[in-house]
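Here is how the chains run, residue by residue.
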Amino acid sequence: MRGFGETVFAEMTRLATDTGAINLGQGFPDTDGPTSLLEGAARRIRDGGDSVNQYPPGLGRPELRAAVAADRSRRYGLDYDPSDEVYVTVGATGGIAAAVLSTVEPGDEVVLFEPMYDSYPAVIAMAGGVRRPVTLRPTGPAGRFTFDPEELRAAVGPRTRMIIVNSPHNPTGTVLTREELAVIADLCHEHDLIALTDEVYEHLTFDGAEHVPLAALPGMRERTITVSSVGKTFSVTAWKTGWVTGPRELVRAVRTVNQFLTFSANGALQLAIADALSDVSGEMGWVGQLRAALAGKRDRLSVGLRAAGFDVTHTQGTYFVMADIGPLGGTDGIEFARAMPREAGVAMVPAQVLYDRPTEARHLVRFAFCKRDEVLDAAIARLGEWSRTGARPSRAAQG
């Protein structure tokens, strides 16, 4: 793990705290999820029946596994047996780690798209695997990020074991289309690859963009490990409760590893989440309202960033927008992001740390818009004032 220090998200949050800056770096909401979900968890903890405050079953509470299976079937037509094809983990990150550690052997190659969530390279390193990144680049006037199919094909070789797909994609906000996913599926079939999909933002898509699970494509259910969680869907990121779905032999492999990592997740929260996924008190309607609100926040922040001089790419989903610092004279996103909490009072994340080839994105930073409107407005005002007064990042930030 040499080379993997403090995460950039933790560093930027610490800088925001130390300087009193508005934190648009780390992607967590500043409001809570539906009241019925929160009260349901509290009630389960207080009541304590059925040993709810003790270790839950290693697979996860049967109520949550059944709710996840029903949800996947209802929304995507994917049928999983909750007894051995659904597995509850400590957050999606825990599920991703167990999936990679259980299927990737030393020397195996893993194809993945950059920029990438920072847990992917770390857990591939733990498994002794070798990363083969394929770069997502903005295309067209709207600046939507996508991949070059030929570049993807070239990344797959005889040692390739797995491809990791994150859609809706953090940090670019891209939602992969059915046609793009078909290219990935064809390669998986041709080279007998396992697909690991990170779908934690599956409910948070905008402007009619459709989330299509890779497992829903012909022949892909049998070779896809899908990971999702409650945190982004219901704005309870601290709950760290996720789930893995897939064919029983792959889920069994994940379970075999994970039982020696975290073993089990909070049982009371699992019961509350099961109710919410089953829409017992209208929680899925709340998610629809959240999606609409986030689309407005995306627009609010994007307009403000453009007014401050950034170029902004198009976001179809997630919590994030990517912005180009070039028009403001910035040439190195890391130094720019480290300077801005002090100079402008706003924290962001430099995108280049999420690349194996950082030269692809030295000019890009990521902002989170999952904040209250008044927080976004205050950040926009600070950035606008910083831009209008002629202030620029410190000399180090100029590269």
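The present account deals with the structure reproduced in this document. (Residues numbered from 1 in each chain as written. Predicted model: local features only at pLDDT ≥ 70, side-chain atom pairs only at ≥ 80, totals over all residues. Heavy atoms only, no water.)

### Focus: the overall build of the protein
Inference 1: Across its full length, the protein holds 12 helices and 15 strands.
Inference 2: Counting only C-alpha atoms, the protein reaches 60 × 55 × 40 Å along its principal axes.
Inference 3: Residue pairs at least 24 apart in sequence account for 74% of intrachain contacts in the protein once pairs closer than 6 positions are excluded.
Inference 4: Only carbon and sulfur atoms are counted for the fraction: they give 51% of the accessible area of the protein, which is about 15,500 Å². (Helix = DSSP H or I, 4+ residues; strand = E, 2+ residues; numbered from the N terminus. Contact = heavy atoms within 4.5 Å. Areas by Shrake-Rupley, 256 points an atom, 1.4 Å probe, with all protein chains shown as cover.)

### Section: helix H7 (residues 178-191)
Inference 1: Relative to the 20 Å expected for 14 residues at 1.5 Å per residue, H7 spans 20 Å between its end C-alpha atoms, a close match to the ideal helical length.
Inference 2: Residues of H7 that are buried: Glu180, Leu181, Val183, Ile184, Ala185, Leu187 and Cys188.
Inference 3: As for H7, its buried residues are in contact with strand E3 (109-114), strand E6 (144-146), helix H6 (149-155), strand E7 (160-166) and strand E8 (194-198). (Expected span 1.5 Å × (residues − 1). Buried < 20%, exposed > 50% of the residue type's maximum accessible area, 1.4 Å probe, protein only.)

### Here's the deal with the sheet that holds strand E15 (residues 364-368)
Inference 1: As summarised here, the arrangement of the four strands in space is E11-E12-E15-E14, forming an open sheet in which the pairing is antiparallel. Two strands bound the open sheet, and with one partner strand each, they are strand E11 (311-312) and strand E14 (349-350).
Inference 2: One ladder, built from two bridges, connects E14 with E15; its direction is antiparallel. Among the inter-strand pairings, Val349 is bridged to a residue of E15, identified as Arg366. (Pairing = 2+ DSSP bridges.)

### Here's the deal with the side chain of Thr197
Inference 1: The topology assignment puts Thr197 in strand E8.
Inference 2: Overall, the relative accessible area of 2% leaves Thr197 in the buried class.
Inference 3: Those residues within four positions of Thr197 in sequence are excluded, and the remaining contacts are Val165, Leu214, Thr224, Ile225, Thr226 and Val227.

### Structural notes on the nonpolar core
Inference 1: Judged by nonpolar contacts, the single largest core of 69 residues is most densely connected at Phe310 and Phe367.
Inference 2: Non-local contacts of Phe310, meaning those with residues more than four positions away in its chain, are made with Leu305, Ala323, Asp324, Ile325, Leu328, Phe336, Val365, Phe367 and Leu383. (Core = buried A, V, L, I, M, F, W, Y, C linked by side-chain atoms within 4.5 Å.)

### Re the sheet that holds strand E2 (residues 86-89)
Inference 1: The sheet built from seven strands is open, its strands ordered E2-E10-E9-E8-E7-E3-E4 with mixed pairing. In this open sheet, the two strands that pair with only one neighbour each are E2 and strand E4 (130-135). Pairwise comparison of adjacent strand axes, ignoring direction, gives a mean angle of 20° for this sheet.
Inference 2: Here helix H8 (residues 248-258) sits on the sheet in contact with E2, E8, strand E9 (224-229) and strand E10 (242-245), set at roughly 25° to E2. (Axes fitted to C-alpha atoms, helices over the stretch in contact; angles between N-to-C directions.)

### With respect to the environment of Val134
Inference 1: Inspection of the secondary structure assignment puts Val134 in strand E4.
Inference 2: Along the chain, Val134 and Pro168 lie 34 residues apart, while their C-alpha atoms are 16 Å from each other.
Inference 3: Contacts of Val134, omitting those with residues within four sequence positions, involve Val111, Leu112, Phe113, Glu114, Phe147, Glu151, Leu152, Ala155 and Arg357.

These figures come from the coordinates and say nothing about function on their own.
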